[in-house]
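Observations on chain architecture
As a plain string of letters, each chain reads:
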Amino acid sequence: MITTPVLEFRNISRSFKKGAPVLSNVSFNVAQAEVVALLGRNGSGKTTLIHIAMGMLFPHEGDVRVFGLSPTERPVDVKKRIGYVAEDQVLPPNSKIQELLAFHRYLFKTWDASLEKQLLERFELDGNTWRISQLSKGQARQVALICAVCHRPDLLILDEPAGGLDPAARREFLETSIQLLNRNGTAILFSSHHMGDVERLGGRVVLLDEGRVKLDRQLDDLREKFCIAIIPRYAARDVTAIERLAGCVQVKAVVDQWHAVFKCSPDEASLLFASELGLANVQCTNIPLEEMFIKLVGGKHSMGAL
Amino acid sequence: MRRDLSLRVSAPVVVLGLLAVVTSVKAPNLVLVAGLPYCFFVWSWMPRRGGAFDAALPIRGRELFAARYLSSLTLMLIPFIVAIVAGVISNERGFSAGVTLEYMAIAALATLVPYALRPGELNEPPLWLTIAFWIALAALSAAILRFLDPTVGFVLLAGSTILVGRELWLGLPDWLRLTGTKVSVDRQASSPLTRLRDVSTAMVPESWKPVLRSTFSPRFLIFYGVVFFSAGIGSWLLMLALATMSISSSTRYSMRWLSAIPLSNRARLLLSLVPTVFTLSVCTVAGRIIGPQFGVDRDLSFRAPMSSIGPSNYFNRSKVPLEYWSRSKGTVAPAIVAPWGESSAADTITVLGMTLFDPYTSGSDNSSRFVDWQVARATSAIYGYPMSVAQEKHGDHPEPLMDREPRMRILNAAAVLALMLLIVWSTEFGMWNRFGRIWKYFGAALLAIPVAAMFWVDHIYQNRRAELLVPIAKKLLWHASNALPANLVVVAIAAFLPVLAVYSLLEWQFAQSELAARRPKPQA
């Protein structure tokens, strides 16, 4: 049986200025209960893509489907099943928290009052009579998150959800609220700059660079299939020998060492060095996600598409 | 100072200023009424003090104050300066440069007041405090305007401005500071505007309060007041157009949080129309009903074109608004001949190659009998029954037939409603997903052109100071009214079909609009 993806981007292109596309031919799906981290540098098109998924922006080319529906043609049917927290969340500044939650309770028939209570207590917002404009940035973000998750959406879209939250609050939210929803089958698409959050949530990583999908892999796959080898420069004077090794993606000089990224496990890379270059004891380790991110999109020495 | 942020918002303000300026040129004496919404625009758009960004820059408090106050003031004074120039050039009777100078001084002082409140802080003072000071200033200014000689009043007001400015300048610390968050919270919670919001939304169910608070802003009260006042004095179309444009843009922005909520496009559109089309219509109708109760009367020549300069009809004592003029078959208007043989050359105006003439003209050399005859004819055509010169001059004027007849009321209401919806549509048009940034300005221009045209065309046509589009629209509606069947239901259906068409266009446009933020600039 073929199940419809919860979210489907098909060849999405979008620009705000002629000749300078923000998104070019972006395609990927999010399946039910899948957690997808959308990564990319500032200006890489993450927020634009999320706005397109929410029906707030129109793609210039391509098609987006949420639960098999167009978010611009069937906005109500789509948004009933989505929870959304924007990067620059705009809540009505003069409303009180309780009024805003009452409005959401009124709109969403599936509103989970016990989850609302639980989250209000966790964020220490219960009994708070302040207006949104009087809240701190982090508190306002917490209110937005409560509004986004308490109707138990089928798809949760979070654009930089942890922005403005302190590390403890961020961890608490990500590890409890989001995973609580995900256990119930909610798909989650979130963009973030916090690699720790991405690694904690697991799932799949989609990396956007200059409006294109540069990487789309399972996080575990990334962890297992890529490694970094650190070779003293005196041991391998000819860098081309390292570059010629099978699976070598990139070699970079860092002070008196070569840092070589390999598309294989650390053990396989160690074996390659020993067998091909006669170098035993080369330090090969899994590559941290943050390091991978920097290698992939971090400037002109970045790696090619994987 | 040249690089100050405040200068970046000058361009759109100047565009709005031009609209106000045109109105001022048309009637220099109405400068205060015309300039009021413009001044509000300047005040609300100009960055006045600053934020954390300015606080972090090595700019002294005095420099920041001088840059922002002087740039605001320059824009604020545009309509007044033009009004003075226009008044002097046109040599209009009753125009007083002294009084306009007093208004200028009031504007300078009103611009200064927000800076004088809590001067050491970068944050804006609370709105209610500014408004309270403005009300006090308005009361004081009204007394000065009423009881003092213009020269004395100007000296007093300008002197006060200089004095307040000097004290402020000397009292400003080297570095302005940001107000602490806690202090702001307490201040905001106790502000009268916050309490006013609470009282005004007390009857609304809790779940709908966020929507109501997003759709209505206390700032709109100024527009509602201006539209009500304008409708009361019978000259309201420009104010209505400006208020619709401003409130519509502001509401659309403040309601953007609803775009992530499962509300249909239609529901969101209708919600956004409540503070604009609905409330402004109520204000207009209320003004039109209440205005005449307070003795606001309109004589025969209200909004009539100025008589063309010439010995025969310069002293036209029976001139009428343009919608009652007739079209001449040739370029020369026929002479108006009374039954007893006395005649007068008709006042004429050429519009788009057509010669229109006032069939009720009476020249300075005509007899009183002729003037009586013309006034009786004019009042019959306009009010539905003849009036003598004395009655017309001193008596109460009923509403003109063009406004009074039930069929015309329906048609007028539909026309105004369609115009307001078109204005809202034009703001949506600029947000069409197919358009880039440049089209946003095109959308604004699309709106500005017809509004400006309403008041500019008269200058193109020999500076006769008469609106052209409104009379043409009225005349067309009058013809339509006569052409339609007598049944009011049929008239209502015919009148509201175009409204429905414009609404459908607006609804379609609304569904195609994009309000999300533009692409952020990539960081290096």
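From a predicted model like this one, the values you see are computed outputs, not experimental measurements.

On a plain count of helices and strands, chain B comes out with 21 helices and 5 strands. Taking all contacts inside chain B whose residues are at least 6 apart in sequence as the whole, residues at least 24 apart take part in 71%.

Across its full length, chain A holds 11 helices and 13 strands. With the C-alpha coordinates of chain A rotated into their principal frame, the extents come out at 70 × 40 × 40 Å. Per-residue burial for chain A yields a buried fraction of 43% across its 306 residues.

Attention now goes to the confidence of the model for chain A. Per-residue pLDDT for chain A has a mean of 84; in total, 94% of the residues score no lower than 70. Within chain A, strand 4 (residues 61-66) of chain A carries the highest mean pLDDT (94), whereas helix 6 (residues 167-183) of chain A carries the lowest (72).

On to unusual backbone geometry, then. All names here are of chain A. Its identity as a non-glycine residue notwithstanding, A33 has a phi of 70 degrees, on the positive side. Looking at the secondary structure, you find A33 in the loop between strand 2 (20-30) and strand 3 (35-40). The class for A33 is partly exposed, based on 16 C-beta atoms found within 10 Å.

For the rest of this paragraph, the subject is the sheet that holds strand 10 (residues 227-232) of chain A. Residue and element names in this part refer to chain A. If you trace the 4 strands from one edge of the open sheet to the other, you get 11-12-10-13, paired in antiparallel fashion. Two strands bound the open sheet, and with one partner strand each, they are strand 11 (248-254) and strand 13 (283-286). Adjacent strand axes in the sheet meet at a mean angle of 20 degrees when their direction is disregarded. As defined by bridge partners, strand 10 adjoins strand 13 across 4 bridges and the pair is classed as antiparallel. Residue pairing for strand 13: I228 is matched across the bridge by T285. Where helix 10 (residues 266-277) meets the sheet, its contacts fall on strand 10, strand 12 (257-262) and strand 13, and the angle it forms with strand 13 comes to roughly 160 degrees.

Moving on to the interface of chain B and chain A. By a widespread convention, an interface's size corresponds to the accessible area lost as its parts come together. If you look at the interface, chain B gives 33 residues, while chain A gives 33 residues. Secondary-structure elements contributing two or more residues to the side of chain B that touches chain A are helix 9 (181-189) and helix 11 (209-215) of chain B. Per-element tally for the side of chain B that touches chain A: the top contributor is helix 11 of chain B, with 5 residues. Partitioning the side of chain B that touches chain A into residue classes produces 15 nonpolar, 9 polar and 9 charged.

Residue and element names in this part refer to chain A. With 13 residues, helix 5 (residues 137-149) ought to run about 18 Å at 1.5 Å a step, and its terminal C-alpha atoms sit 19 Å apart, in line with that. Across the 13 residues that make up helix 5, a large majority, 10, are buried. Within helix 5, burial applies to Q139, R141, Q142, V143, A144, L145, I146, C147, A148 and V149.

Residues and elements named next belong to chain A. Pairing is mixed in the open sheet, where 6 strands are placed in the order 5-6-7-3-8-9. Each having just a single partner strand, strand 5 (82-85) and strand 9 (212-218) make up the two edges of the open sheet. Ignoring which end each strand starts from, the neighbouring axes of this sheet average 15 degrees apart. As paired strands, strand 3 and strand 8 (residues 204-209) are joined by 5 bridges and run parallel to one another. Of the residues in strand 8, the one forming a bridge with L39 is L207.

Attention shifts here to the environment of M420(B). All names here are of chain B. You can see M420 is positioned in helix 18 (residues 406-429). For the pair M420 and L273, spaced 147 residues apart in the sequence, the C-alpha separation amounts to 9.7 Å. The contact partners of M420, leaving out residues within four places of it in the chain, are T244, T276, V277 and L280.

A word on the nonpolar core. I157(A) and A229(A) are the most contacted members of the largest nonpolar core, which totals 94 residues. Formed by 39 residues, the second largest nonpolar core is a distinct cluster that contains L240(B), L242(B), L411(B) and A495(B).

Residue and element names in this part refer to chain B. Remark: helix 14 (residues 265-293) packs on helix 18, axes separated minimally by 11 Å, with the N-to-C direction vectors making an angle of 155 degrees. Here helix 18 runs roughly antiparallel to helix 14, going by the angle between their axes. Taken as a pair, helix 14 and helix 18 cross one another with a handedness that is right-handed. Where helix 14 abuts helix 18, its residues L273, T276, V277, L280 and S281 lie against L417, M420, L421 and V424.

This paragraph deals with the confidence of the model for chain B. Residues and elements named next belong to chain B. Summarising the model, chain B shows a mean pLDDT of 78, and 75% of its residues fall at 70 or more. For chain B, helix 9 is the element with the lowest average pLDDT, namely 50, and helix 21 (residues 488-511) is the one with the highest, namely 94. Counted against residues more than four places away or in other chains, residues 517-524, with its pLDDT under 50, gives 13 contacts. Confidence metrics for the complex model read pTM 0.75 and ipTM 0.77.

Let us now look at the packing of helix 13 (residues 237-254) of chain B against helix 18 of chain B. Residues and elements named next belong to chain B. Here helix 13 crosses helix 18 at 45 degrees, and the two axes come no closer than 9 Å. With respect to their mutual orientation, helix 13 and helix 18 come out oblique. Crossing of helix 13 against helix 18: the hand is right-handed. Between helix 13, through A241, T244, M245, S248, S249 and R252, and helix 18, the contact on the second element is made entirely by M420, I423, V424 and T427. Taken together, the residues of the contact of helix 13 with helix 18 break down into 5 nonpolar, 4 polar and 1 charged.

Residues and elements named next belong to chain A. With 7 bridges joining them, strand 1 (residues 7-17) and strand 2 adopt antiparallel strand pairing. Pairing of I12 across the sheet is with V26, part of strand 2. Where strand 1 folds back on strand 2, the antiparallel hairpin that results is connected by 2 residues, among which G19 adopts a positive phi of roughly 80 degrees. One ladder, built from 5 bridges, connects strand 1 with strand 4; its direction is antiparallel. When the sheet's bridge partners are listed, R10 is paired in strand 4 with D63.

Residues and elements named next belong to chain B. Within the fold, A346 resides in the loop between strand 3 (343-344) and strand 4 (347-351). With 13 residues separating them along the chain, A346 and P359 place their C-alpha atoms 6.2 Å apart. Beyond its immediate sequence surroundings of up to four residues, A346 is in contact with A333, P334, I336, F357, D358, P359 and T361.

Structurally, the position occupied by T3(A) is in the segment before strand 1. Taking the C-alpha atoms as reference points, T3(A) and Q32(A), separated by 29 residues in sequence, lie 8.8 Å from one another.

Parameters and conventions
- Residues numbered from 1 in each chain as written.
- Chains lettered and ligands numbered in written order.
- Predicted model: local features only at pLDDT ≥ 70, side-chain atom pairs only at ≥ 80, totals over all residues.
- Helix = DSSP H or I, 4+ residues; strand = E, 2+ residues; numbered from the N terminus.
- Contact = placed C-beta atoms within 7 Å.
- Buried ≥ 20, exposed ≤ 12 C-beta atoms within 10 Å, placed from the backbone.
- pLDDT = per-residue confidence, 0-100.
- Pairing = 2+ DSSP bridges.
- Axes fitted to C-alpha atoms, helices over the stretch in contact; angles between N-to-C directions.
- Nonpolar A, V, L, I, M, F, W, Y, C, P; charged D, E, K, R; others polar.
- Expected span 1.5 Å × (residues − 1).
- Core = buried A, V, L, I, M, F, W, Y, C linked by C-beta atoms within 7 Å.
- Parallel < 35°, antiparallel > 145°, perpendicular 65-115°, else oblique.
- Left-handed = near helix turned anticlockwise from the far one by under 90°.

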